[in-house]
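Chain residues, written in single-letter form:
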Amino acid sequence: NAGVTQTPKFRVLKTGQSMTLLCAQDMNHEYMYWYRQDPGMGLRLIHYSVGEGTTAKGEVPDGYNVSRLKKQNFLLGLESAAPSQTSVYFCASSYSVAGQRKTQYFGPGTRLLVL
Amino acid sequence: GQQLNQSPQSMFIQEGEDVSMNCTSSSIFNTWLWYKQEPGEGPVLLIALYKAGELTSNGRLTAQFGITRKDSFLNISASIPSDVGIYFCAGQAGGTSYGKLTFGQGTILTVHP
């Protein structure tokens, strides 16, 4: 199993450009999450999905959109990148066992720089 | 939203020393998790705690789920250079939280040989 993978690993954007970050998991997990990590602030939840075709907002959703067309993939989109979106983005997935113990497994991260 | 306060923010210790860090929350959690992140990598789960009062070990690491369900502690005994990294606590509410995690700010651990 590859676990959780993220593409690309690193990207530089100009303000106003758009891009999509791809997260893929091969563990058949129901739940998937997108976080951003900024210095001194830990990880903050952007959006999440509880199943194929469903998405929901997290703590810091503004400026991002997501889609979960396939169970194994969770896409994070930036329609018009801003310097404030410079960050490291992590995807995670987890399973559901009778509503308990949803341990999350993280991908290696995507480093995004917006100039 | 919910806030987790993790302390200390950073630690500089000598190899062989023990380390303690903790997290406190303004809200109750049903699950406490401790992750370690190394440079250029994603967080990796170290210990998961599911019941108030639970004490769980993973090698030299020991973590406890506070009785009030609003705090958790992580101890590392006899530290070694490979313990270097950022340690995060994370809390998970129950019910319809869908497994969402709230993270602490992280503790940066440096171990001098």
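Residues numbered from 1 in each chain as written. Chains lettered and ligands numbered in written order. Predicted model: local features only at pLDDT ≥ 70, side-chain atom pairs only at ≥ 80, totals over all residues. Heavy atoms only, no water.

The next thing to look at is the overall build of chain A. Counting secondary structure elements, chain A contains 0 helices and 11 strands. If you list the helices and strands of chain A from N to C, you get β-β-β-β-β-β-β-β-β-β-β. The C-alpha atoms of chain A give 14 Å as radius of gyration, which agrees with the globular expectation for 115 residues (13 Å, within 12%). Along the longest, intermediate and shortest principal axes, the C-alpha atoms of chain A span 45 × 30 × 25 Å. (Helix = DSSP H or I, 4+ residues; strand = E, 2+ residues; numbered from the N terminus. Rg over C-alpha atoms; globule rule 2.2 N^0.38 Å.)

Residue and element names in this part refer to chain A. Pairing is antiparallel in the open sheet, where 4 strands are placed in the order S1-S3-S8-S7. Since the sheet does not close on itself, it has two edges, and those belong to strand S1 (4-7) and strand S7 (65-67), each with one partner. Direction aside, neighbouring strands of the sheet carry axes that sit 20 degrees apart on average. (Pairing = 2+ DSSP bridges. Axes fitted to C-alpha atoms, helices over the stretch in contact; angles between N-to-C directions.)

Turning our attention to the nonpolar core. Within the largest apolar cluster, 21 residues are counted, with the highest numbers of intra-cluster contacts made by Trp32, Trp34, Leu74 and Leu109 of chain B. Broken down by secondary-structure element, the contributors of at least two residues to this core are strand S2 (10-14), strand S3 (19-25), strand S4 (31-37), strand S5 (44-49), strand S7 (61-65), strand S8 (71-76), strand S9 (85-92) and strand S11 (107-112) of chain B. With 19 residues, the next largest nonpolar core counts Cys23, Ile46, Phe74 and Tyr89 of chain A among its residues. (Core = buried A, V, L, I, M, F, W, Y, C linked by side-chain atoms within 4.5 Å. Buried < 20%, exposed > 50% of the residue type's maximum accessible area, 1.4 Å probe, protein only.)

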